[in-house]
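So the chains spell out like this:
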Amino acid sequence: MRSVEDLVRLFRERGYKVTPQRRLIFELLAGDRSHPTAEEIYQRVRAVMPEVSRTTVYNTLRELITLGELRPVENLSEGGTRYDTNTTHHHHLFCVQCHALIDIDREFEGIELPPEEAAGFRLVNYQVTFYGYCPDCQRADGGRPSQGKE
Ligand SMILES: [Zn+2]
Ligand SMILES: [Zn+2]
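These numbers come from a predicted model, not from an experiment. (Residues numbered from 1 in each chain as written. Chains lettered and ligands numbered in written order. Predicted model: local features only at pLDDT ≥ 70, side-chain atom pairs only at ≥ 80, totals over all residues.)

## Digging into the sheet that holds strand 5 (residues 129-132)
Ordered in space as 4-3-5, the three strands form an open sheet in which the pairing is mixed. Single-partner strands in this sheet number two, and they are strand 4 (101-104) and strand 5. Strand-to-strand twist in this sheet, taken as the mean axis angle between neighbours without regard to direction, amounts to 20°. Where strand 3 (residues 91-95) and strand 4 come together, four bridges link them in antiparallel fashion. Each bridged residue has a counterpart across the sheet, and for Phe 94 the counterpart in strand 4 is Leu 101. (Pairing = 2+ DSSP bridges. Helix = DSSP H or I, 4+ residues; strand = E, 2+ residues; numbered from the N terminus. Axes fitted to C-alpha atoms, helices over the stretch in contact; angles between N-to-C directions.)

## Re the nonpolar core
Among the nonpolar cores identified, the biggest contains 14 residues, and Ile 25, Phe 26, Leu 29, Val 45, Val 57, Leu 61 and Leu 70 are the most heavily contacted of them. Elements supplying a minimum of two residues to this core: helix 1 (4-13), helix 2 (20-29), helix 3 (38-48) and helix 4 (54-66). Other than its neighbours up to four places away in sequence, Val 45 contacts Gln 21, Leu 24, Ile 25, Leu 28, Val 52 and Val 57. (Core = buried A, V, L, I, M, F, W, Y, C linked by C-beta atoms within 7 Å. Buried ≥ 20, exposed ≤ 12 C-beta atoms within 10 Å, placed from the backbone. Contact = placed C-beta atoms within 7 Å.)

## Overview of the environment of Val 8
Note on placement: Val 8 falls in helix 1. Classification of Val 8 by C-beta neighbours within 10 Å gives partly exposed; the count is 16. Separated by 109 residues in sequence, Val 8 and Glu 117 place their C-alpha atoms 44 Å apart. Residue contacts for Val 8: discarding those within four places in its chain leaves Val 18, Arg 23 and Phe 26.

## Things to note about unusual backbone geometry
Even without a glycine there, the phi angle at His 35 is positive, about 55°. Looking at where His 35 falls in the secondary structure, it is placed in the loop between helix 2 and helix 3. In this structure, His 99 takes a positive phi of about 65° despite not being glycine. Tracing the sequence through the fold places His 99 in the loop between strand 3 and strand 4. Judged by the 16 C-beta atoms lying within 10 Å of it, His 99 falls in the partly exposed class.

## Points about the packing of helix 1 against helix 2
At their nearest, the axes of helix 1 and helix 2 sit 9 Å apart, and the two run at 140° to each other. Between helix 1 and helix 2, the angle falls in the class oblique. Remark: the crossing between helix 1 and helix 2 carries right-handed chirality. Counting all contacts with helix 1, which are made through Val 4, Leu 7, Val 8 and Phe 11, the residues of helix 2 involved are Arg 22, Arg 23, Phe 26 and Glu 27. Of the residues contributing to the contact of helix 1 with helix 2, the split by class is five nonpolar, no polar and three charged. (Parallel < 35°, antiparallel > 145°, perpendicular 65-115°, else oblique. Left-handed = near helix turned anticlockwise from the far one by under 90°. Nonpolar A, V, L, I, M, F, W, Y, C, P; charged D, E, K, R; others polar.)

## A look at the domain arrangement of the chain
Assigned domains of the chain: these are domain 1 (4-73) and domain 2 (88-141). The gap between the C-alpha centroids of domain 1 and domain 2 is 25 Å. (Domains from an automatic or database assignment.)

The structure is reproduced here in structure tokens:
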């Protein structure tokens, strides 16, 4: 995701209005690596601008996705779609307990799906997600410390 000023410029170029609410959403998202849900973003905006509507927040997120500045990460928690400000190719660590979602920026070699298993798909991308218990959750309740692996 670009800087706030670049996002403002990009939105104007595309004919979107840049309201104070939208600018605030840019400010809250730029540099955010927590992969927030739309509801979390809405709550953060509301804490500063109580009059903001959910529609404004959801529309702005949709526009950011259309412009390629934000990426939805599907199906990782019951809380709904998470939004990723890191739009480069990367992978994730996901805590199944607190739903922390952390970027992994290394590349994994040798992941491929032979054509006969691709169900006719022309593949364009893949993403790896490792599921487990983050350090905080392991401390909080004994988690499920990697049994059998240590
Ligand atoms: Zn956790
Ligand atoms: Zn990510």
